[in-house]
Structure formats: structure tokens, C-alpha cells
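What follows is each chain in one-letter form.
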Amino acid sequence: MKPLWQWNLTDIVQALHRGEVSSEEVTRAFLERIQALEPRIHAFLHLEPEAALHQAREADRRRAKTQDPDTLPPLLGVPMAVKDVLTVRGMPCTCGSRILEGFVPPYNATTVQRLLDAGVIILGKTNTDEFAMGSSTENSAYGPTRNPWDLSRVPGGSSGGSAAAVAARMVPAALGTDTGGSVRQPAAFCGVTGFKPTYGRVSRYGLVAYGSSLDTVGTLTQTVADAALLFPYLAGFDPRDATTMDVPVPEVVLSQEPDLRGLRVGVPREYFVEGVHPQVEAAVHAAIRHLESLGAEVQEISLPHTPYAVPVYYIIAPSEASANLARYDGIRYGPRIQGETMWDIFFKTRGRLFGPEVKRRIMLGTYALSAGYYDAYYAKAQKVRTLFRRDFERAFREVDLIAAPVAPSTAFPLGSKTQDPLAMYLEDIFTLPANLAGIPGLAFPVGFDQDGLPIGMQLMAPPFQESRLFAVGHAYQSTTDWHTRVPPLHP
Amino acid sequence: MEYEAVIGLEVHAELLTRSKMFCSCPVVDLTEAEPNTAVCEVCAGMPGTLPVVNRRAVEYALRVALALECHIARESVFARKNYFYPDLPKGYQISQYELPLATGGRLPIRTSHGERSVRIRRVHLEEDTGKLTHVEGPEGPYSLVDLNRAGVPLLEIVSEPDMHTVEEVRAYGRGLRQLLRYLGVNTGDMQKGLLRFEANVSVRPKGSQELGTRVEIKNLNSFKALEEAVAFEIRRQIRVLEAGGRIEQETLGWDEARRVTVSQRGKEEAHDYRYFPEPDLPPLVVDDDWLEQVRAEMPELPWEKFRRFQEVYGLPEYETALLTADRPVADYFEVAVQAARKHGVREPLRVAHWMTGELFRLLNQRGLSIEEAPVPPEELAALLGFLQRGDINKNTAQRVLAEMFETGQRAQSIIEARGLRQVSDESRIHQWVEEVLQAHPDEVAKYVKGKEGVANWLFGQVMRKARGQANPQVVRKILMERLQALRRDQANA
């Protein structure tokens, strides 16, 4: 039998349900794994092992006492981790920033609350680029997370802590957030499955805002089936988030038969251009051929506005961020650097406690919204944004799904792009369009490069068609084994 | 040169909803509640929290917009107004900017020059800020932040620069306050800051169509301050122009103590609020059903009531204005008129006079509102019934009303318990008159000889004998008949 820490979420849930394993055993196995690997990977910003074990024992007692196991919370006693931009009542929430050091929110994010209601045990909070701004987790004020496949490389970002934790099998699943690719890109870099829902499908309440019109809460798991398992617990209208949609959440039933006949898969030519690493391109093409071998019809499509994704995103997201981050002024919570005057407090607190990338984006956004520039930048970017939506609408009249690389390359070495923000921004070029259009996406491993680093592919579907992503991703994973590979880390 | 002032008003009215604009915290009285007790993670602007629109606040805003005959946007958009201040928890205020809830209405006003209307530019919804208290501590000054008010729904009503005199400013300000109170959306309490005025003032040569440079006056927390500040500013600007100077575009404050406007912020310090649509809130959709529902709940508007009171009750303008100033007063009047009719009092004007005269005087003495009046309208009507039937005279009625006010007793019980019912029985009064005439033969003789004034003295004696309970009209009638008879007898003798 595989050691417990290698089990995926679906296996754990089933084994717990059948009483083949206890929550304490499972939780302890992952906590031991964390203890062994955390010093090398630094996936976590906060851990509560004692509380977790206590809850696990509590879950076991509850399971032992019940007459009718069907009445138990369905995920009772399952350990998970949560990205540190989501609030968990009573756990510090730093967002990877000094400006929220020591801040303990007195409320749960809706996604967190729903997982807790389903019985999940939260082991801790995972590392992130400061306020989710970054593609490598190097922008965390608390030090970078390392890629479990190669500790000299980045795990991607901004949900690098969650992706690395799942890849290193420190947790079976974790929540992440995706504003411009922050779930899918680290999933690709770490060889795990990253799922981003439709904007409006999953509540943002308790997700510390970065780019409000782009932010989504997603999952990092070993398998597509695991993502599909978690999805119904996270999705659905939330009265606390006016941007969630009251659209029914379908029950996800994954077929045992990997049959993709009748499925039309579009391959956007703008995603296979110069700059994409040949090995990435080759692996993605191979994966698309694999879908074809399962019965899918593949056709080339065009998403003509793809080249404008980076400029449009880097106006809209920083503009929203410039307002979203205005609340960190040292007055009500978080550390304050005292000053002579009110303005002095503001300048010192914000000037010293925000990191350089956050300041860069606040400046960008403030500029783009300024009188005299608003029309040329923000208003224009919003107009172009509608063109992304139209690109996808047109494409989805011809195809059911779109398949493309997640990122142009595999995980890059730590420090290699930190001095060049533009090169870092270009990392997001293939993930940004889904956020700009608000459509769901799913990234999963489809191969490895010559350095043994994972390569990811993403599927994109029309709004609220997440189940299509799960069906196709699951068909792929039931006939391949890339997702079962474990990084060669020796505790 | 003759100058003309051009004035526009911007009004901020807190809406009297139970909960705040974007969260479920209660709206509390700042002067009563402990600081920071009506605060949650949403209105404290804590990380990750999101706003949700209070539909009741939208309905209150729609009432005002409908009353002002505005064009109501079927889709309006919330926007973020960005600036830093410790009383602004999120670092931005959720307001409306490019697409407000309502535009282009009018408020009818009445001045000594008659009726006209002031055009309304826009009506929009936003959230209020917290409140800072600056303290001089032993180790230096510091400030305290109270977030109880943060997130309270605020309605902004902006007029066109349509007013030209202080009288018009007063009529508009009071008219708008009256309307908000009628609609039940605001108490009109300016001292507590629930209703706040800002004035834009400029002057120009009379006859000119161009607008002069305007200043904005903030911090006007009473009608007195509003009127004085506008008057001061008009005079100041005319003086500056006449001396060949130029008006600076600036924001001024009103210094209550020195009664002058003082500069707060110049043009070059003007904020760039970097407005942009609030991504956390979808456009606010007002569909027909919702609008109809709000329309159906609309009360009679002040100017409608004014017209009806004149037409139905035949009241003069002065009394109408007094009785329709406030809805509870008007309601009291209407109940009293109805009840008075049952007691045989057919003239609404009589009810009006007793209310605006005696009742208001008593209320003012005690500092009570009409809702707190110890005399319900039915009892005032009953009292007027006794007066109408001649059971009591006017003086007695005034005394009885005061006692009703004091004790809360009914008119009837007071009149009966104190034996105040006046005597109209002619045989009783005849007897009193005869007794008085016999007791004062010298005075009677004087009258007979032609000294008219004595009649009044004798009248007083009869009333005294009757201990004030005699119907004075009957007394006077019988006394005069007797005296004239005596005079005739003398002449015939």
C-alpha cells in the first residue's frame, strides 16, 4: 500500500468514509510530511498542527459515535491548506505582506466556511506573493517558496505555497486564488491540478481583494477528480458577495469511460507562438493528440486579442488594486509606524511595509485612474476587455473547449526574473485571457521537460461550464499517469 | 453696478434605514451609542470583506427621486471615490458618479415673490464616513475614530445653480427638509449632522448670462449658518469685484463664532478622487415592478397637502403653511376637524386657530412635539364642541385646555368636576341681573342719565355674581334689555 501522504483527496475521503483509516492517521501523516519538508520548501506561512490533530481526533470520535454515516459532513476529518489571502477565523492572515503582520481576522471567507461546514480540517495558511501580486511567490515578504521538483526553482505564483504543498504531498488539497493565472501557472510549474472557476461562481467574501473584477478562488489538487470533488462545496450564490451568480451548481459525475467522441476541442494559434518553449509546445501538442485519440475533434481556432492581454490586465488589475490596498493605512489593524502627523503615519506605514511589486502596481493603478489619463488607460482597457469576451464567445460557437499551454516555459530559477518585472508579467500571457473574460480554466500536468520539470496544459470552457472541464480532464488523467508522479524529495 | 448672486445647494441626508448601506450593522444615534459599537468587518473595511446593497436605502432614495420628479435610471452604477482619511475605513467611499440613481428633477418653493421651482441636477446614494474626535492630551494632541457612522446610507441631492437670493436658499433648504421628513427618510436634524448643506455661491453683473467663479461653503450645520454664510459670501464677493479684485475658486468653511467664511482648500489643492466603477457591486437595476411598489408607498407630498388644505378646508395661506409644515401636525389637524364636526363644529378654520394658537403655545412652553401632545385631537374637538354649544366661554375653554394639557384628563371631566359649564338659562341670568341692579341703584341711575360706560361695569358685576359661568352673550343681552327698559321708563316718566 502507498504511504498515506501519497493518497489523493478522493482516496482519503473514501477511506475515511469506509472506516479504513482514521482522520488522526491521515492528518498525522501529512503533518509529519510537512515537518520533514517545510524547512526546504517553505510552503507555509502559518501552521496549527496541535489544533489540527485535536480536530482530527474529534472527527474520529464523531464518526465512531454515529449510527448513520450518511449524516456526517461529507469531508469530515479531511486535512487541507488555505492560501494566506483567504481569511480563516482566528488564524493570522498576512497576504505575504508586512503590512498585515499579526492581523488575525475574526471572520471566515465563505469558501473556508463552506469547507469547514463540510468537515475539512485546515492545517495552515500557505505562502503567496504579497497580496497575490506575482508569478513566482518570490514577492512574499516572508521568503520564497521553492519548487518541490527542483529546490533552486520557483513554484510559480502567486499560489506557489498551495501548489508546492500539494506537489510535495504535504496536503492532499489546498485553496488558491487566481486573478491572472495564480492557480493555473503554479499548478503547471509544480505538476499538480489547478482549477479556476467562472468569475461569479465561487464567493470572493474573505478573499483579500487584489483585482476585484478578476479575483477567483480555486483549488490545487493531485487530480482532476479531486478538483471536481471539492467544486460543489465551494460554488454557489453567496448573499455576502453581490458578484456571485445565482446559477445552479450541477452535480459533477465523472464518467469511468474515457470517451470524448463528439467533443470539439479548439487550439488557439495565438498560444503557439515564438517565445513558447519547444518542449512545452511539444508536450501540449502531444496531450491534444491524446484527447484526439480519446475521440475528440481538434480544430485550430483564433483568439485574436491574446497579444493585448498583458497591457489590458496590467491596467485593470493595478487600478483596482490601488483602491483595494488603500485600506492598509495603519489606523485600524495591522502594524503602524508612528509619525508626527496623520499623513506622516500613512506615508511611513505604507512606504515601509509594502513590498516593491505592490508599490509598483499601486503606482501603476493610481496613474491609470488619474484625471486626464482615465480615458486613455482604464476606460480603454475596459473596452478592450470586452473584446476578449467576444473572442471567446465566437470561439465557443465552434468548439466546446479550448486547450492551450499554461505558461510559455517551465519553472524558472529563483531570482532569474525578479529584476525584470516585464519578463515576469509575460509569464501570465496565456492565463490572463480567462480572467479577463471571466471563464473557467483547468491546468494539469501533461509531461516533463529535459530537466525533469512538469509541463502544464490548460483547458478553458464557456462560463459556468466547469463540469465540461472536469469531464475532459478526468478522461485525460484516467488514461495517463503524469499527475501521479511525485517529486523525488527524500525526507 | 448691480450684481446678482447664483447659488446652488448640495444636500447630504442620512437615510433612516434600520441597517447600514452595505452591511447589516444597525444605524445608531451617534450622540447616544458608545463609539464603535455598531461596527462589523464590512463597515470597518477589513480585508476580504465585500459590500451588499441595502434595498431599503434604495427605496428611500427612490421615494425622494420620485417626489422630486427626477428621471430614474433603470441601471445606475456605484463608483469608488478614492482618498485617504482616518475616518474612511476602506480608503475609498462607495458613491455614485457617472451614472447616478436619478437626474433632472425639481423642487417647488414658495417665497414672497410667489411660487417657482428649483431644478435638481442629480440624486445619488453613497455611504457616510466615520467621525473623528480630536483630543488635547497631556502628552500632545491625538484623534479618536468612531466608525458607528461609517457606512450609514447617505443621499446626496444636488440642485442646479438656480437660486439668487437668501430667501430662495431658505425656501429650498426648508422645503427639502420638509420633503425628507414627509417621506419618512430623514429627521431633518441638522445639529446632529443627519442633514448637511453645502452651498456653491458666485455673483455676476445683473443681466449677464455667464457664471462667475464659484466658491463652495462647507460645514453649515444650521439653517441660520446656511443663510448667514450665503449672505456673507454674496456681500464679500461683490465687495471684491467692486474693488477690481478677482474671486478665487476655493472651498470655504463657515466660522460660526466670527460669522465669516474662511478658506479651507484652494483650487490647486483640489483632490483627484480617481473615480472608477465599483467592481464589487453589479449595476443597480430598478425595474418597473420595484418602482411601482415604491410609488404605491408614497405619501401625500407637502405641496399637494398644502393645496388640498386650502381647497378642502378653505384655510388661509398662513394657517395652511403652519399646519402642513409637518405630517404629524397635518394628521392631528385632520383628525381634529373630523371629530369636531361630530361635536357640531363645522368651521375647520376654528380648529386651525385653536391648534396654531393655544395648542402650539402649550406645546412650545413644554418643548413637546405634536406626537407628544397630552391632548389627543379628538379631545381638542370635544372641547371646541362645548365652546360651540355655549356650554363654556372662550376664557374657560383656554383654562380647560391648559388643564387637559397638564393632567391628561378629558375636557368633559374637567368641565363637570369643576362646575365650569356656563349658564345660558335666561331665567337664572334674569335673576342675577335683577339682583345686581337692585344692589347698585346709584350706578343704574348714572346709566339712565346717559353714562354709557357704566353698562360694562354692571356686566362685570353680573359675571362676577355668576362666578364666570354665565354665558356672556346672554348676560349682555338681558342686561342691556333691562337697562334700556329703565331708560325708556325714565324718559316716559
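No experiment lies behind these values; they were computed from the predicted model shown.

Caption draft 1: The arrangement of the overall build of chain A in detail. A tally of regular secondary structure across chain A gives 15 helices and 11 strands. A globule of 491 residues ought to have a C-alpha radius of gyration of about 23 Å, and chain A, at 21 Å, matches this closely. Structurally, chain A occupies a C-alpha span of about 65 × 55 × 45 Å along its principal axes. Counting every atom, chain A has about 17,300 Å² of accessible surface; 53% of that belongs to carbon and sulfur. Positive and negative side-chain charges of chain A, numbering 46 and 51 respectively, have mean locations separated by a distance of 4 Å.

Caption draft 2: Inspection of the interface of chain A and chain B at higher detail. Listed per partner, the contact involves 39 residues of chain A and 32 residues of chain B. The largest contributions to the chain A side of the interface with chain B come from Tyr107, Arg327 and Arg332 of chain A, which together make up 20% of the buried area. At the boundary of chain A with chain B, the tally comes to one salt bridge. A salt bridge links Asp280 of chain B to Arg204 of chain A, with the shortest nitrogen-to-oxygen separation between them at 3.0 Å.

Caption draft 3: The arrangement of the sheet that holds strand β9 (residues 401-405) of chain A in detail. Residue and element names in this part refer to chain A. With respect to topology, 11 strands assemble into an open sheet ordered β1-β3-β2-β4-β6-β5-β10-β11-β9-β7-β8, the strand pairing being mixed. Bordering the open sheet on either side are β1 (44-47) and β8 (297-301), each of which pairs with just one other strand. Ignoring strand direction, the axes of neighbouring strands in this sheet form an average angle of 25°. This element, helix α2 (residues 23-41), spans β1, β2 (79-83) and β3 (121-126) of the sheet and lies at about 20° to β3. Running at roughly 165° to strand β4 (residues 173-177), helix α4 (residues 110-117) makes contact with β2, β3, β4 and β6 (217-221) of the sheet.

Caption draft 4: Representation of the confidence of the model for chain B within the structure. Mean pLDDT over chain B: 94, with 99% of residues reaching 70 or higher. As a predicted assembly, this complex carries a pTM of 0.91 together with an ipTM value of 0.96.

Caption draft 5: The nonpolar core, seen in detail. Counting 162 residues, the largest nonpolar core has Phe131, Met457 and Phe470 of chain A as its most contacted members. Contacts of Phe470 of chain A, omitting those with residues within four sequence positions, involve Phe195, Val224, Ala227, Ala228, Phe231, Val252, Leu254 and Leu442 of chain A. Core analysis: the next-biggest nonpolar cluster, separate from the first, contains 78 residues, Val64, Ile217, Leu220 and Ile234 of chain B among them.

Caption draft 6: Region of interest: the pairing of β9 of chain A. Residues and elements named next belong to chain A. Burial runs high along β9: five of the five residues are buried. In the sheet, strand β7 (residues 264-268) pairs with β9 via two bridges, with the strands oriented parallel. Across the sheet, the residue bridging to Gly266 is Ile402, located in β9. One ladder, built from four bridges, connects β9 with strand β11 (residues 454-460); its direction is antiparallel. Its bridge partner being in β11, Pro405 is matched across the sheet by Met457.

Caption draft 7: Spatial organisation of the pairing of strand β10 (residues 153-159) of chain B. Residue and element names in this part refer to chain B. With seven of seven residues buried, β10 lies mostly within the body of the structure. Going residue by residue along β10, you find Pro153, Leu155, Ile157 and Ser159 tucked away on one face and Leu154, Glu156 and Val158 tucked away on the opposite face as well. Inspection of the sheet shows strand β7 (residues 114-127) paired to β10 by seven bridges, in the antiparallel sense. Pairing of His124 across the sheet is with Glu156, part of β10.

Caption draft 8: Layout of the environment of Pro250 of chain A. Residue and element names in this part refer to chain A. Inspection of the secondary structure puts Pro250 in the loop between α7 (224-234) and β7. For the pair Pro250 and Gly236, spaced 14 residues apart in the sequence, the C-alpha separation amounts to 10.0 Å. If sequence neighbours within four positions are ignored, Pro250 has contacts with Arg201 and Ser467.

Caption draft 9: Summary view of unusual backbone geometry. Residue and element names in this part refer to chain A. Going from Gly157 to Ser158, the amide bond is cis rather than trans, its omega being 10°. On the secondary structure map, Ser158 appears in the loop between β3 and α5 (160-167). Phi angles above zero are rare outside glycine, and Phe464 is one such case at about 65°. By the secondary structure assignment, Phe464 is in the loop between β11 and α15 (466-477). Taking the relative accessible area as the measure of exposure, Phe464 reaches 17% and is therefore buried.

Caption draft 10: Representation of the environment of Thr145 of chain A. All names here are of chain A. Topologically, Thr145 is positioned in the loop between β3 and α5. C-alpha of Thr145 to C-alpha of Arg40: the two residues are 105 residues apart in sequence and 8.6 Å apart in space. Leaving out residues up to four positions away in the same chain, Thr145 has contacts with Ile41, His42, Ala43, Asn127, Thr137, Arg153, Pro155, Gly160, Gly161, Ala164 and Leu414. In this structure the side chain of Thr145 is engaged in a polar contact, spanning 2.6 Å, whose partner is the backbone oxygen of His42.

Caption draft 11: Layout of the packing of helix α9 (residues 309-324) of chain A against helix α12 (residues 375-398) of chain A. Residues and elements named next belong to chain A. With their axes 9 Å apart at the nearest point, α9 and α12 run at an angle of 125° to one another. Taken together, the axes of α9 and α12 lie oblique to each other. Crossing angle aside, the handedness with which α9 passes α12 is left-handed. Between α9 and α12, the residues in contact are Ala309, Val312, Ile315, Ile316, Ser319 and Glu320 and Tyr377, Tyr378, Ala381, Gln382, Val384, Arg385 and Phe388, respectively.

Caption draft 12: The domain arrangement of chain B, seen in detail. Residues and elements named next belong to chain B. You can read the domains of chain B as domain 1 (3-294), domain 2 (302-418) and domain 3 (426-492). Taking the mean C-alpha position of each, domain 1 and domain 2 sit 38 Å from one another. Contacts between domain 1 and domain 2 engage nine residues on the former and nine residues on the latter. It is Arg110, Gln178 and Tyr182 that lose the most area in domain 1 upon contact with domain 2, and together they represent 65% of the buried surface on that side. In this structure, the connection of domain 1 to domain 2 is made through five residue pairs in polar contact (both at pLDDT 80 or more). When residues of the side of domain 1 that touches domain 2 are traced back to their parent elements, those giving at least two are β6 (102-111) and α2 (166-182). If you tally residues by element for the side of domain 1 that touches domain 2, the top one is α2, at four residues. Residues of the side of domain 1 that touches domain 2, tallied by class, amount to six nonpolar, one polar and two charged.

What counts, and at which threshold
- Residues numbered from 1 in each chain as written.
- Chains lettered and ligands numbered in written order.
- Predicted model: local features only at pLDDT ≥ 70, side-chain atom pairs only at ≥ 80, totals over all residues.
- Heavy atoms only, no water.
- Helix = DSSP H or I, 4+ residues; strand = E, 2+ residues; numbered from the N terminus.
- Rg over C-alpha atoms; globule rule 2.2 N^0.38 Å.
- Areas by Shrake-Rupley, 256 points an atom, 1.4 Å probe, with all protein chains shown as cover.
- Lys, Arg positive; Asp, Glu negative; His and termini not counted.
- Charge placed at Lys NZ, Arg CZ, Asp CG, Glu CD.
- Contact = heavy atoms within 4.5 Å.
- Buried area = accessible area lost by both parts, 1.4 Å probe.
- Salt bridge = Lys/Arg side-chain N within 4 Å of Asp/Glu carboxyl O.
- Pairing = 2+ DSSP bridges.
- Axes fitted to C-alpha atoms, helices over the stretch in contact; angles between N-to-C directions.
- pLDDT = per-residue confidence, 0-100.
- Core = buried A, V, L, I, M, F, W, Y, C linked by side-chain atoms within 4.5 Å.
- Buried < 20%, exposed > 50% of the residue type's maximum accessible area, 1.4 Å probe, protein only.
- Polar contact = N/O pair within 3.5 Å; in protein donor to acceptor, adjacent residues only side chain to side chain.
- Parallel < 35°, antiparallel > 145°, perpendicular 65-115°, else oblique.
- Left-handed = near helix turned anticlockwise from the far one by under 90°.
- Domains from an automatic or database assignment.
- Nonpolar A, V, L, I, M, F, W, Y, C, P; charged D, E, K, R; others polar.

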